[in-house]
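So the chains spell out like this:
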Amino acid sequence: MGDSTITKVAKEIAEDEQQHVKLLRAALGSNAIAKPEINLDALGHVSTTAQFLAEARAFEDVGVSAYGGAAPLVQS
């Protein structure tokens with residue numbers, strides 16, 4: 001994968017995640033928290049492209065699993 005492709009993928013992932021945050025904030029309204037406490041230090045230092053892409057994929061998979069698990073609980 002060339003640098004331009006990786007940059008394109010990274011930007012697409014970032015935009016997707018920003019849209020997810022906007023959607024969830026809108027859905028939660030006043031129940032949304034200002035900024036969740038997320039400690040990325042536990043992941044260690046991401047120093048290679050392969051590590052970045054693996055972590056990005058893992059975050060996406062966790063998000064999809066969380067949405068899928070919560071969806072049956074949504075009432076309105």
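Below, the structure is looked at part by part. (Residues numbered from 1 in each chain as written. Predicted model: local features only at pLDDT ≥ 70, side-chain atom pairs only at ≥ 80, totals over all residues. Heavy atoms only, no water.)

## A few points about helix α1 (residues 3–28)
Part 1 of the argument: The terminal C-alpha atoms of α1, which comprises 26 residues, lie 37 Å apart, in line with the 38 Å expected from a rise of 1.5 Å per residue.
Part 2 of the argument: Positive backbone phi, at 55 degrees, marks G29, one or two positions downstream of α1. (Helix = DSSP H or I, 4+ residues; strand = E, 2+ residues; numbered from the N terminus. Expected span 1.5 Å × (residues − 1).)

## Some points on a nonpolar patch on the surface
Part 1 of the argument: Taken together, the side chains of I38, L40, L43 and F59 present a nonpolar region at the surface, about 400 Å² in accessible area.
Part 2 of the argument: Its place among the elements puts I38 in the loop between α1 and α2 (49–70). (Patch = residues over 30% accessible without salt bridge, like charges linked within 9 Å, V, L, I, M, F, W, Y side chains within 5 Å. Areas by Shrake-Rupley, 256 points an atom, 1.4 Å probe, with all protein chains shown as cover. Salt bridge = Lys/Arg side-chain N within 4 Å of Asp/Glu carboxyl O.)

## Description of the pattern of salt bridges
Part 1 of the argument: What the rule picks out here adds up to one salt bridge.
Part 2 of the argument: R57 is the partner of D61 in a salt bridge, and the nearest nitrogen-oxygen pair spans 3.3 Å. With a gap of four residues between them, D61 and R57 both fall in helix α2, about one helical turn apart.

## Some thoughts on a negative patch on the surface
Part 1 of the argument: Taken together, the side chains of E12, E15, D16 and E17 make up a negatively charged region of the molecular surface.
Part 2 of the argument: For E12, the position within the fold is in helix α1. (Lys, Arg positive; Asp, Glu negative; His and termini not counted. Charge placed at Lys NZ, Arg CZ, Asp CG, Glu CD.)

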